[in-house]
Amino acid sequence: MQIRTESAKDTKRLAADFAEKVVTDLKRNSAAVVALEGDLGAGKTTFVQGFARALGVKENVLSPTFVLMKVYKVGCQMSGVRCYPKHLIHIDCYRLDSPQDLLHLGFKDLLKDKDAIILIEWADRIKKIIPTKNIFWIKFRHGKLPSVRTISIRQGQET
Ligand SMILES: Nc1ncnc2c1ncn2[C@@H]1O[C@H](COP(=O)(O)OP(=O)(O)OP(=O)(O)O)[C@@H](O)[C@H]1O
Ligand SMILES: [Mg+2]
């Protein structure tokens, strides 16, 4: 699926709709992963902000570039779905030297957490350790106009 957005607000709205789909569709036998790929300023963090808001995250979601990972508590007001996922984990691999560093931070255990949804910016940098199941892969591209982005969403591991 490919979508064109014409503002940051548009991208957040798309992310909110997508969050609802993820929460409804995904299997609950491991963490749900949303891999985000795209150039600097392509809209990855903006997307996570819209996604988090839709899940009832109250805190302001900022780019975790310097902290690598941030965990947010999810609210319970999604339409009829009670308290799943319990937390949203936002990871930014931009400054990661190697996928190994993320493994040292317990990435494998995070993936086993059935109550987590994990959004990963610059996921292409850790392709080697990204799961193939329970995952969506989202690519962001700049459009010709400064406020346009093309966003493609596919289910399953990128090949
Ligand atoms: N259609 C759009 N969708 C998303 N963001 C947009 C759009 N149009 C303009 N913008 C602006 O582009 C910027 C996107 O920044 P954002 O931090 O989301 O990018 P990013 O992909 O996370 O970058 P980085 O790789 O540095 O983390 C924001 O300032 C946002 O307001
Ligand atoms: Mg970002």
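Note that the structure is a prediction, hence the values are computed from the model and not measured.

Caption draft 1: Quick peek at helix α1 (residues 8-25). Between its first and last C-alpha, α1 extends 25 Å over 18 residues, near the 26 Å set by a 1.5 Å rise per residue. Here α1 has its buried residues at Thr11, Leu14, Ala15, Phe18, Ala19, Val22 and Val23. All buried residues of α1 project into a common sector of 170° when viewed along the axis, lining one side. The exposed residues of α1 that point more than 90 degrees off its buried face are Lys9, Asp17 and Thr24.

Caption draft 2: Expanded view of the layout of surface pockets. Its volume calculated, the largest pocket comes out at about 290 Å³. Contributing to the lining of the largest pocket are 22 residues, with Gly41, Ala42, Gly43, Lys44 and Thr46 lying nearest its centre. Where the lining of the largest pocket is concerned, the elements lending two or more residues are α1, α2 (44-54) and β7 (149-155). Residue composition of the lining of the largest pocket, grouped by class: eight nonpolar, ten polar and four charged. Size it by volume and the second largest pocket reaches roughly 160 Å³. Every residue lining the second largest pocket is listed: Lys12, Ala16, Gln49, Gly50, Ala52, Arg53, Val57, Glu59, Asn60 and Val61. Of all the secondary structure elements, the ones that give two or more residues to the lining of the second largest pocket are α1 and α2. At four residues, the largest contribution of residues to the lining of the second largest pocket is made by α2. Of the residues contributing to the lining of the second largest pocket, the split by class is four nonpolar, three polar and three charged.

What counts as what
Residues numbered from 1 in each chain as written. Chains lettered and ligands numbered in written order. Predicted model: local features only at pLDDT ≥ 70, side-chain atom pairs only at ≥ 80, totals over all residues. Heavy atoms only, no water. Helix = DSSP H or I, 4+ residues; strand = E, 2+ residues; numbered from the N terminus. Expected span 1.5 Å × (residues − 1). Buried < 20%, exposed > 50% of the residue type's maximum accessible area, 1.4 Å probe, protein only. Arc of directions from axis to C-beta. 1 Å grid on protein atoms, 1.4 Å probe; cavity = no way out; pocket = protein on both sides within 12 Å on 5 of 7 lines; lining within 4 Å. Points joined across faces, edges and corners; volume = space filled by probe spheres on them. Nonpolar A, V, L, I, M, F, W, Y, C, P; charged D, E, K, R; others polar.

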